[in-house]
Structure formats: structure tokens, C-alpha cells
Amino acid sequence: MRHTKVAAAFLVASVAAIGLTACSNNTAGTAGGSAGKTTLTWASTSTEKPALDAVVKAFEKANPDITINTTFADTDNYQTTLRTQLSSGTAPDVFFVFPGDGNPMAMRVVQKAGMIADLSKQSFASKIPAAFQPLTNVGGKTYIAPITLGSVGAAYNENAMKAAGLTAPTTWTGLLSFCADAKAKGKVAFALGAATPWNTQLIPYALTPTLVYGPNPDFAQQMTAGKVTFANSNWTEALNKYSEMQKKGCFQPNDLGTAYADALKMVAKGDALASVQVTSSIAMMQQGAPSGTTFKLEPLPATDDASKTRMAGAVGTAYGVNAKSKNMAAALKLISYLASPEGTNLYAKAASGGLPAIPNATFKLDPSLDVVAQYQKAGKTDPYMDQLWPNAEVQQTMFDGLQKVLAGNESATDALKAMDASFAKGAK
């Protein structure tokens, strides 16, 4: 694996609008290709770059008649830019699609708009586990290829932890002590990239499986039925504990001014011991860390009963095909390779991105994720919260509210009431 700087890996994110605007649907023999060759365009979020680089190299070697141009953007820019491109007819051939619902580039949202192709006839479609089909299918038809299972947890720099003489906390009281101990060692306990809106959600996503969805497995369905709300549930406790972490010095100064890339860089260098992140962020940390640095994703404790701790874990990475692609045959060939055991295993290994969403016997788990695998095997994981929300506005309202809570401008209850109002609008 290349040991480049995290900042360099994220340079593309700072020019996301330019990079993604440059995407186009090229046909054989057009700009970016040569006679007899097809040039595909493939867009994804910046956390997936190591995985795409590995898959592109292998796919182009096996298919010399196809060239792939990739573009990347940070999640917030990606969601808005891709929607604009899809609406204007300038979107790439293949692109990252969020499973389920809940944001502008979620499967149900773009499928309803007729923007992604029906993949039901591809061989992988019949192998998607039944539990994931609500996130990949609409009306019995498959619209995205689920590639990996992701998780949200505290990604620890094991070398930095050993040097500091500290271990990952397993209880809420222990977590607060860990923050104090890290500070005494001159380290930040948990780097927080709150200047990047989507990063603000990760700590609540790490706490609510234990506080909300574990104790009440039907919470999501009850919300849809109008029987429970965010504001009148333990979501309030989760946000209050988020604020307590900030007040107790668990994060670096100016957490609201720190971007996602810079938070990862802090952990990679060992200035911070950990950051609450998605599994695919580990690969980005590894790229910016000294050779030999290892990382481990652990659950973030929310109570003082370690046996009750759960993690968020679900289909994290998925891709769809542009319904208006001018290179449909080549695009379907790429998506089928990506969903094959060879493609999925390569993707997961390069990204430290989790377990294969479509199980296969040849996968070798990255050691950084062995705790995640244990929790998934034990049934102690819950889907990403937004995947079953009825519209994209709920998540955007959450981003806004969480930044206000962290800034001290809004209470947890007020932020959650605003989310309830967005949720009540139903599907759009």
C-alpha cells in the first residue's frame, strides 16, 4: 500500500465541484479514449478512493478495451453535485449510491426519479441477502449493487495508544476518563471533523444503537407509524452525551473548524488517539500514517454496562448505473465485476471497508475490523439510522442541528424536534 499523505489524498475533495463537473459519458473513440476503446466514468465519495484505484487497475487489466476515469468528492459535495449532473444529463456511467433512503443520492430517491438502471438481470442480484433487499430493491427489482458492509465506531491508532499507555474504553465512565488521560498525555482523545457536515452525525450514530435501537428494535418502524419521535426518545440522551464529550475535552480545540480530512490526519500522525468514523476511513488514515501503523475499529460505549454495547453496521458501500449511460454494456460489465467475489474482496481489502455485502467463502478479514465482525456475528449491530428515513431532508436537518448543538446555539431537544418536523413530511 502506498504511504502518501492524507492531505494529498483529499486534495480532490477541495476541488470536488470542478472534478465532478468534468465527468461526462464518453463513447468509444471519443475524448479520453482511443479508437476501439470505451471510456467509462466512475464517481464516488473520497473515502472510497483506495478501493476504486485497486478495482480499476484489476478491471482494466482484464478488459483492455475499457478505460475508466474516476472522480471523487467529499460526501456533502458529492450528494449535491451528482444530483445536478443526473438532472442535466452529464452524470458518470457508474456512481456511488447510498443504500435505502434518507439523502439526495439514496437508492429510493434516485430510483424514483428514474436516474438509475434496473440491475435485476445481473447475476449478483439473486445473491443479495434478503435482509438487505429493502436497501437495494424497489418493487421487486434491484437497482444497486451492495459491495461492503460498513460500520461506525472509534478508529484507534494502536501505535499511538500503546505509546500513551492507554486502552480503548468499554464503558461511558471509562470513555470520559480516557479523554482526560489522553489530554494529560498531550493527545486528543477523539479527533472530530465537525466542519464537514456529514461527519457530525457519526458520534450519534455510534451511540444510538446502544441507547435507542438495541433496547427498542422496532424504533424505526414505530417512527414511521408515528408512535415515537426523536425528541421523546433516547436520541436526546445521545445528543446530550455528544455535548458532554465536547465539554469534557474529548475533542480538539476548534472542532467546528476542523475538516474531515484534517481529523483523519491527526489520527494518522498520532496527534489524536482515535476518531469516530466509518470503516472506509481507516484506509485513508493508513495512507497518511508511518509505515507499520495499525488501526482498530471499536464500539463507542454509551452506558456503563459493556454487555449492552452495540454498533451501527449495515450496507455501507453500493453502486448504481446511470440509466442514461451511453456505455451501458461496459457499465454493466463493471458493476457485475464489482459485485463478484473477486471484485468485492479486492474492494474491501483495499478500503478496509468492511465485510462483503454478498457473502463469499474466499474473503479474508482485515485485522482492523475483527471487532466489527464479532459484533455482526453476534447480532449486535443496527442499520445506519438514515437508511430507513422517509426523505433526504431529515438528514440535512440533523447536520444543521448538530452543528448548532456543538456551537452551543441550540439544545438537543430543539435539534431533535426539527428532525421530527422533517420526518413528519414523509416521503418526497
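Scroll up for the structure.
Quick caveat, the model's predicted, so the values are computed rather than measured.

(A) Region of the structure containing unusual backbone geometry. Backbone geometry places Asn-254, a non-glycine residue, at a positive phi of 60°. With respect to the helices and strands, Asn-254 occurs in the loop between helix H12 (235-247) and helix H13 (260-269).

(B) View of the packing of H13 against helix H14 (residues 281-288). For the pair H13 and H14, interaxial distance at closest approach is 8 Å and the crossing angle is 60°. When the interaxial angle is binned, H13 and H14 end up oblique. By crossing handedness, the relation of H13 to H14 is classed as right-handed. For the pair formed by H13 and H14, the contact residues are Tyr-260, Leu-264, Val-267 and Ala-268 on the first element and Ser-281, Met-284, Met-285 and Gly-288 on the second. Looking at the contact of H13 with H14, its residues break down into six nonpolar, two polar and no charged.

(C) The arrangement of the side chain of Ser-422 in detail. When you line up the elements, Ser-422 lands in helix H19 (residues 412-424). Among the polar contacts listed, one links the side chain of Ser-422 to the side chain of Glu-393, at a separation of 3.1 Å.

(D) Summary view of the packing of helix H9 (residues 172-184) against H12. Contact geometry of H9 with H12 gives a least axis separation of 10 Å together with a crossing angle of 25°. Here H12 runs roughly parallel to H9, going by the angle between their axes. Along its contact with H9, which presents Trp-172, Leu-175 and Leu-176, the element H12 presents Lys-241, Glu-244 and Met-245. Per-class residue counts for the contact of H9 with H12 are four nonpolar, no polar and two charged.

(E) Layout of the pairing of strand S10 (residues 311-321). With ten of eleven residues buried, S10 is to be regarded as a mostly interior element. Examined bridge by bridge, strand S3 (residues 94-96) and S10 share three bridges and lie antiparallel to one another. Counterpart to Val-94 in the pairing with S10 is Val-321. Pairing of strand S6 (residues 145-157) with S10, which is carried by seven bridges, proceeds in the antiparallel orientation.

(F) Representation of the packing of aromatic side chains. As enumerated under the stated definition, the model contains 16 aromatic pairs in all. Measuring from ring centre to ring centre gives 5.3 Å for Phe-230 and Trp-235, while their planes differ by 80°; the resulting arrangement is edge-to-face. Assessed through its relative accessible area of 0%, Phe-230 is described here as buried. Here the aromatic cluster, defined as three or more aromatic residues joined through ring pairs, consists of Trp-42, Tyr-78, Phe-96, Phe-98, Tyr-319 and Tyr-347.

(G) A look at the environment of Asn-137. Here Asn-137 shows up in strand S4 (residues 137-138). The class for Asn-137 is buried, based on a relative accessible area of 12%. In the structure, Asn-137 is positioned 30 residues away from Met-107 in sequence and 8.3 Å away in space, judged by C-alpha atoms. Beyond its immediate stretch of four places on either side in the chain, Asn-137 contacts Met-107, Arg-108 and Thr-142. For Asn-137, the side chain forms a polar contact with the side chain of Thr-142, separated by 3.2 Å.

(H) Spatial organisation of the nonpolar core. Within the largest apolar cluster, 80 residues are counted, with the highest numbers of intra-cluster contacts made by Phe-190, Trp-235 and Trp-389. Here the element with the most residues in this core is helix H10 (residues 202-213); it accounts for eight residues. Counting 60 residues, the second largest nonpolar core, distinct from the first, contains Ile-116, Leu-149, Leu-355 and Phe-363.

(I) Structural context of the pattern of salt bridges. Applying the stated criterion to the full structure yields nine salt bridges. Residue Lys-241 is joined to Glu-237 by a salt bridge in which the shortest nitrogen-to-oxygen separation is 3.2 Å. In this pair, Lys-241 and Glu-237 are both assigned in helix H12, four residues apart and thus about one turn of the helix distant. The exposure class of Lys-241 is buried, given its relative accessible area of 12%. With relative accessibility at 29%, the residue Glu-237 sits in the partly exposed group.

(J) Examining the side chain of Thr-47 more closely. If you trace the backbone, Thr-47 turns up in the loop between strand S1 (38-45) and helix H4 (49-62). A polar atom in the side chain of Thr-47 sits 3.0 Å from the side chain of Glu-48. Beyond its immediate stretch of four places on either side in the chain, Thr-47 contacts Trp-198, Tyr-260, Ser-280, Ser-281 and Met-284.

Basis of the calculations
- Residues numbered from 1 in each chain as written.
- Predicted model: local features only at pLDDT ≥ 70, side-chain atom pairs only at ≥ 80, totals over all residues.
- Heavy atoms only, no water.
- Helix = DSSP H or I, 4+ residues; strand = E, 2+ residues; numbered from the N terminus.
- Axes fitted to C-alpha atoms, helices over the stretch in contact; angles between N-to-C directions.
- Parallel < 35°, antiparallel > 145°, perpendicular 65-115°, else oblique.
- Left-handed = near helix turned anticlockwise from the far one by under 90°.
- Contact = heavy atoms within 4.5 Å.
- Nonpolar A, V, L, I, M, F, W, Y, C, P; charged D, E, K, R; others polar.
- Polar contact = N/O pair within 3.5 Å; in protein donor to acceptor, adjacent residues only side chain to side chain.
- Buried < 20%, exposed > 50% of the residue type's maximum accessible area, 1.4 Å probe, protein only.
- Pairing = 2+ DSSP bridges.
- Phe/Tyr/Trp six-rings, centres within 6.5 Å; stacked < 30°, edge-to-face > 60°.
- Core = buried A, V, L, I, M, F, W, Y, C linked by side-chain atoms within 4.5 Å.
- Salt bridge = Lys/Arg side-chain N within 4 Å of Asp/Glu carboxyl O.

Remember that the coordinates give geometry; whether it matters functionally is a separate question.
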